[in-house]
Each structure stands twice: as C-alpha cells, then as structure tokens.
Amino acid sequence: MASEWEIKKQICDLGRRMYEKGYVAANDGNISFRMGNGRYLCTPTGVSKGFLTPEMICVVDDDGNQVGGEWPRTSEILLHLEIFHELPEINAVVHAHPPHATAFAVAGVEVPMCILPEVEIFIGRIPLADYDTPGGKNFAETILPHLRKKANTILLANHGAVACDKTLEQAYFHLETLDMYCQILLLSKQVGKVRQISEPKVNELLKLKESLGLDDPRLEGDCDPCVLAGSDEFLRGFSTCAIPQHSADANGHGRGTGIANLPSQNGQPQPTPGASRTAIVAGKVIPASLGGSSETARRRAQEDEMERVVQLVTDQIVQRISLPATQGLHAE
Ligand SMILES: [Zn+2]
C-alpha cells in the first residue's frame with residue numbers, strides 16, 4: 001500500500017480535479033480514505049478542495065474523533081464512516097455536488113437505468129437517499145438502506161452525490177461517470193427522446209459485469225433490470241404522453257422507438273409513426289402484478305392499451321366508410 005504521505009497527496013490531487021470539473025463550489029465536498037487499524041484520512045472543513053496541501057489532511061478514528069492533523073476535520077465525516085463500517089471492502093469515499101447529478105437530486109427524480117453501457121457496468125443502479133440536514137448522524141444513516149443493496153454511487157436529496165470504491169481514483173471516477181451520464185440524459189431530453197437498451201442486451205452487460213468481478217444486485221435475478229420508479233419519474237417530466245414502447249425483434253435485438261417524444265407545435269405529444277403500442281418497457285411486458293415502484297409504468301401501459309383499442313375501432317370505421325369509393329375506382 002502507498003505511504004500515508006502518498007495517499008494525502010492523492011487526496012489533494014482529487015480535490016483539485018473535483019474543483020476544476022465544477023463538482024464543488026467554495027469549500028464544498030470532502031474525501032476520505034481508510035488507512036486500517038481504525039484510522040481514516042479525510043479532508044478538512046472550511047477549505048476549498050481545489051487548493052489542499054498534504055499537511056491539511058486530517059486523521060480520524062472509527063467514531064469520527066480527530067486524532068491527527070492541524071486543521072479541523074470535515075463535518076460530513078459521519079457519512080463517510082457509515083460507508084466504511086457497512087462495506088469492509090471499500091477504502092475510499094468521495095462526496096461532491098456535481099451539478100447535473102445534483103439536478104436529479106434536487107428534482108427528487110431517480111436517475112433512469114439501462115441507457116449507457118458504462119454506467120450499467122461500473123455503477124449500476126443510482127439510488128436517491130432521503131433528505132436530512134448535512135453533518136449529523138441522521139444524515140449519515142440516510143444512505144444505509146442503499147449501501148445494503150451494494151450501491152457504489154448514491155444521490156443525496158437536495159444536496160449532491162457520494163461515491164465509494166476500493167481506491168480513491170475509482171471512487172472519483174464514479175462521480176465523473178455519474179455527472180457525465182446525467183448531463184447526457186438532460187441533453188437527450190432536449191434532442192427529443194431517450195431510448196433504453198433492450199433487456200436481453202442489458203443482461204449481456206450484466207454478464208460482462210460479472211466476468212469483471214463486479215457486483216450488481218440484478219445478477220441475483222429477482223428484480224427487473226430496467227423498470228424503476230426513477231426511470232418513470234424521468235419520463236413523466238419529459239412528456240405527458242404514454243411511452244411509445246419498445247419493439248424488440250424475435251432475437252431481442254430491437255431497440256425501442258424511444259420512450260418519449262418531442263411535443264408537437266401545438267404542445268401536444270406526437271405519436272411515433274409505426275411505433276408498436278404494446279405495453280412493453282425496455283423490451284419487457286409490464287405485468288399488472290408489479291409493485292408500487294412501477295405503478296406509473298403499469299398505468300401508462302393500461303392507457304396505451306386503451307389508446308390502441310380506440311385506434312383499432314377508429315381504423316375499422318374509416319375503412320368501412322372509404323370502402324365503396326375505393327371499389328368504385330378499381331371498377332373503372
Ligand atoms: Zn455536501
């Protein structure tokens with residue numbers, strides 16, 4: 001393992017990168033590292049993370065008491081310790097307020113899944129922890145349920161994001177991937193639609209993830225890999241129309257026709273020409289038995305089905321009305 005001085009220098013380097021990327025303003029954010037034997041290095045409070053020096057890095061014990069360093073430790077050390085205590089394999093924690101990711105945390109919208117392969121493999125699900133006042137024990141415990149599901153990157157409601165992994169750089173990379181992903185999602189909305197990867201292809205990514213030795217609760221198989229309350233929230237903010245559904249081919253290679261459309265000039269959603277109107281999200285039929293997390297998806301599926309029936313009846317009426325004229329044309 002690198003020396004304590006080397007780790008302190010790495011923490012300073014990451015602080016500078018976070019600051020230059022715009023993930024932290026003023027004195028925001030904090031970084032910590034598990035040294036072993038109940039000792040942890042962490043950043044000081046009240047200092048810009050863009051201008052740290054190794055002498056400023058603090059040392060704390062298992063309870064967050066400062067046992068080394070001249071500068072007072074970060075006030076958010078309890079959040080970091082919650083991670084270290086819950087996940088023994090984790091050595092590094094990075095907390096910041098990356099703007100695109102924090103926009104989702106402020107909107108109270110969970111980041112949708114099954115859109116970018118890198119996110120599926122290196123992060124997986126990105127849960128949204130409940131809000132609490134930063135710094136206290138209650139705040140630290142908001143992430144506990146998500147740590148128990150092995151999340152390595154968590155949004156903190158009305159606050160920011162926290163990421164963890166075995167090394168400082170890996171933890172920091174989760175923040176970079178997260179913020180880039182959230183930026184791409186927001187840009188995609190402006191372009192007009194967001195498409196999810198079909199479920200068979202997501203399962204391929206999960207197998208690849210497993211082969212790389214990376215954990216994901218979806219590998220255990222009981223949860224739907226793509227359908228999430230969070231995805232639904234994102235879609236709801238995008239358009240008021242029912243989701244134009246995926247139409248995977250027999251091999252499961254089909255892509256969706258987009259999970260939401262641009263509104264037309266009069267502000268009403270436009271149907272996608274030729275789009276399948278079946279009740280499928282990410283290549284999967286939404287069963288009515290799914291619980292609250294996919295309630296909106298199920299409701300959309302029902303609305304879609306109703307719309308399909310109305311369209312079918314309308315088509316038949318139009319066909320009957322136009323039939324004699326068409327036959328007349330052929331007769332001439
Ligand atoms: Zn913070």
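Residues numbered from 1 in each chain as written. Predicted model: local features only at pLDDT ≥ 70, side-chain atom pairs only at ≥ 80, totals over all residues. Heavy atoms only, no water.

Draft legend 1. Representation of the pattern of salt bridges in the model. Evaluated as defined, the whole model comprises 16 salt bridges. Of the charged contacts in the structure, one is a salt bridge between E6 and K9, with a shortest N-O distance of 3.6 Å. You can see E6 and its partner K9 sitting in helix α1 (residues 4-21), 3 residues apart, about one turn around the helix. Assessed through its relative accessible area of 36%, E6 is described here as partly exposed. (Salt bridge = Lys/Arg side-chain N within 4 Å of Asp/Glu carboxyl O. Helix = DSSP H or I, 4+ residues; strand = E, 2+ residues; numbered from the N terminus. Buried < 20%, exposed > 50% of the residue type's maximum accessible area, 1.4 Å probe, protein only.)

Draft legend 2. Seen up close, the packing of helix α3 (residues 99-107) against helix α7 (residues 168-191). Contact geometry for α3 and α7: axes closest at 7 Å, N-to-C directions at 70°. Taken together, the axes of α3 and α7 are roughly perpendicular relative to one another. Residues P99, H100, A101 and F104 of α3 form the contact with α7, whose participating residues are L178, D179, C182, Q183, L185 and L186. Tallied by class, the residues present in the contact of α3 with α7 amount to 7 nonpolar, 2 polar and 1 charged. (Axes fitted to C-alpha atoms, helices over the stretch in contact; angles between N-to-C directions. Parallel < 35°, antiparallel > 145°, perpendicular 65-115°, else oblique. Contact = heavy atoms within 4.5 Å. Nonpolar A, V, L, I, M, F, W, Y, C, P; charged D, E, K, R; others polar.)

Draft legend 3. Up close: unusual backbone geometry. Here the phi dihedral of A26 falls at roughly 50°; this positive angle occurs in a residue that is not glycine. By relative accessible area, A26 is classed as exposed at 55%. You will see that K150, though not glycine, has its phi angle at about 65°, which is positive. Looking at where K150 falls in the secondary structure, it is placed in the loop between α6 (144-147) and β7 (153-156).

Draft legend 4. Quick look at the sheet that holds strand β6 (residues 128-129). If you walk across this open sheet you meet the 8 strands as β4-β3-β2-β1-β5-β8-β7-β6, and the pairing is mixed. Across the chains shown, the open sheet's two edge strands, defined by having one partner strand only, are β4 (66-68) and β6. Both β6 and β7 contribute to a ladder of 2 bridges, which runs parallel. Among the inter-strand pairings, L128 is bridged to a residue of β7, identified as L155. Sitting on the sheet, helix α2 (residues 77-86) touches β1 (30-36), β2 (39-42), β3 (58-60), β5 (92-96), β7 and β8 (160-165), and the angle it makes with β1 is about 40°. (Pairing = 2+ DSSP bridges.)

Draft legend 5. Region of interest: the coordination of the zinc ion. Bound to the zinc ion on the protein side are H95 (NE2), H97 (NE2) and H159 (NE2), at distances that span 2.1 to 2.3 Å. Read N to C, the donor residues that coordinate the zinc ion are spaced as H-x1-H-x61-H. Of this pair, H95 sits in strand β5 while H159 is found in the loop between β7 and β8, placing the two residues 64 residues apart along the sequence. H159 carries the same exposure label as H95, and that label is buried. (Donors = N, O, S within 2.8 Å, 3.2 Å for Na, K, Ca; no water.)

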